[in-house]
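Next come the chains, spelled out residue by residue.
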Amino acid sequence: MQMIRMVKTVQFGELIGVGNTADVFDIGNHKVAKLFHLGYPESAMLTELHNSQLMNHLDIPIAKSYEAFVYEGRNGIIYDKIEGQSLLEVLFETYDIEKYTKVLANIHKRIVSAHLPDAIDCKAILEKNIKNAEDLNIECQSKLLEILADLPDGDNLCHGDFHFGNLLVGKQGTYIIDFMNVCKGNKNYDIARTLCLIEMTPVPENTPNQQEIVKMKKQSADIYLREMGMSRDFLTDWLTVTVAARLSELSHDQSIEKNNILEYLSLQGL
Ligand SMILES: Nc1ncnc2c1ncn2[C@@H]1O[C@H](COP(=O)(O)OP(=O)(O)O)[C@@H](O)[C@H]1O
Ligand SMILES: [Mg+2]
């Protein structure tokens with residue numbers, strides 16, 4: 001069992017990032033504090049810390065983690081600060097989809113060729129999330145669990161949330177962040193998950209040039225698959241269980257994405 005070092009006080013500086021689960025503050029000395037939202041469970045914070053520390057031992061560029069802390073009831077983790085922008089921001093500044101999707105794919109190839117036998121199994125996570133997906137009836141859930149059971153096991157490193165927003169482009173290179181969903185498994189799980197995050201996540205209605213961004217996402221998904229040497233057909237079963245499991249992560253106000261997924265599943269006869 002790993003020892004968690006807790007720091008007692010953290011001096012928060014500028015807010016430099018906002019995610020779905022946390023706010024990230026500069027705390028000086030080339031470090032940041034990822035401060036999870038109030039109510040975000042300690043066990044989930046410890047999972048992220050544990051995952052990031054498992055990854056510290058691999059030859060993969062990540063934002064290194066240090067201690068955990070608690071501030072006004074909120075859990076947090078100290079990380080090295082990566083000076084720079086996310087790959088998503090770079091993509092929207094340059095519109096160079098080809099170049100930056102290749103960057104994403106090249107780092108993903110490094111991730112999925114690594115092995116992390118001590119991490120939790122992706123099939124266990126998928127099983128739990130499919131069972132928790134309230135939008136799926138029992139019959140549909142059992143069919144999905146059958147498909148899942150037939151998929152191959154593995155111990156490749158899977159990031160579990162690998163998308164443009166979770167890569168930070170620093171002066172020395174591009175670094176991976178956000179380790180909450182790290183697991184081990186067949187690499188096609190992580191490829192399917194990234195494809196789903198690029199292609200199936202909707203662009204909000206009020207976004208200027210919404211249609212252009214939808215087109216960019218499709219182009220990026222095609223380039224990504226080409227670079228990974230993968231096809232949608234080959235990934236079908238992984239994609240099916242991965243998108244179904246994603247339903248359990250979505251809230252009521254993410255109904256567009258839920259409907260996209262349900263439509264995809266119905267095209268698969270589910
Ligand atoms: N180590 C870091 N150095 C610099 N900025 C960071 C770092 N970690 C996170 N950020 C910023 O904070 C944002 C949210 O962090 P992230 O870990 O992705 O949170 P969430 O789990 O809520 O998605 C990132 O998109 C990035 O802008
Ligand atoms: Mg993130």
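Small disclaimer: the values here were computed from a predicted structure and weren't measured.

Considering the site of ligand 1
Reasoning step 1: Neighbouring ligand 1 are 20 residues; Thr21, Lys34, Asp80, Ile82 and Asp178 lie closest to it.
Reasoning step 2: Asp80 places a polar main-chain atom, nitrogen or oxygen, 2.8 Å from a nitrogen atom of ligand 1.
Reasoning step 3: Asn166 has a polar side-chain atom sitting 3.1 Å from an oxygen atom of ligand 1.
Reasoning step 4: Starting from 550 Å² of accessible surface for ligand 1 in isolation, the protein chains cover 87%.

A short note on helix H7 (residues 210-228)
Along an α-helix, a turn takes 3.6 residues, which lines up residues three or four apart on a common side.
Reasoning step 1: The end-to-end C-alpha distance of H7 is 27 Å, a good match for the 27 Å that 19 residues give at a rise of 1.5 Å each.
Reasoning step 2: All of the buried residues in H7 are Gln210, Ile213, Met216, Lys217, Ser220, Ala221, Ile223, Tyr224, Leu225, Glu227 and Met228.
Reasoning step 3: Each element contacted by the buried residues of H7 is listed here: helix H2 (87-94), helix H3 (97-113), helix H6 (187-199) and helix H8 (232-246).

Some details on the domain arrangement of the protein chain
Reasoning step 1: Structurally, the protein chain comprises domain 1 (15-80) and domain 2 (85-267).
Reasoning step 2: A C-alpha centroid distance of 22 Å is found between domain 1 and domain 2.
Reasoning step 3: With 16 residues of domain 1 at the contact, the number on the domain 2 side is 17 residues.
Reasoning step 4: The junction of domain 1 with domain 2 conceals about 1400 Å² of combined surface from both sides, 71% of it contributed by carbon and sulfur atoms.
Reasoning step 5: At the boundary of domain 1 and domain 2, one finds one salt bridge.

Brief notes about the pairing of strand E2 (residues 22-28)
Reasoning step 1: The sheet contact formed by strand E1 (residues 15-18) and E2 spans three bridges and is antiparallel. Within the sheet, the bridge partner assigned to Leu15 lies in E2 and is Phe25.
Reasoning step 2: Hairpin connection from E1 to E2: three residues lie between these consecutive antiparallel strands.
Reasoning step 3: Relative to strand E3 (residues 31-36), E2 runs antiparallel, the two being bridged by six bridges. Each bridged residue has a counterpart across the sheet, and for Asp23 the counterpart in E3 is Leu35.
Reasoning step 4: Adjacent in sequence and paired antiparallel, E2 and E3 are bridged by two residues, among which Asn29 carries a positive phi angle near 60°.

Definitions and limits used
- Residues numbered from 1 in each chain as written.
- Chains lettered and ligands numbered in written order.
- Predicted model: local features only at pLDDT ≥ 70, side-chain atom pairs only at ≥ 80, totals over all residues.
- Heavy atoms only, no water.
- Near = heavy atom within 4 Å.
- Polar contact = N/O pair within 3.5 Å; in protein donor to acceptor, adjacent residues only side chain to side chain.
- Areas by Shrake-Rupley, 256 points an atom, 1.4 Å probe, with all protein chains shown as cover.
- Helix = DSSP H or I, 4+ residues; strand = E, 2+ residues; numbered from the N terminus.
- Expected span 1.5 Å × (residues − 1).
- Buried < 20%, exposed > 50% of the residue type's maximum accessible area, 1.4 Å probe, protein only.
- Contact = heavy atoms within 4.5 Å.
- Domains from an automatic or database assignment.
- Buried area = accessible area lost by both parts, 1.4 Å probe.
- Salt bridge = Lys/Arg side-chain N within 4 Å of Asp/Glu carboxyl O.
- Pairing = 2+ DSSP bridges.

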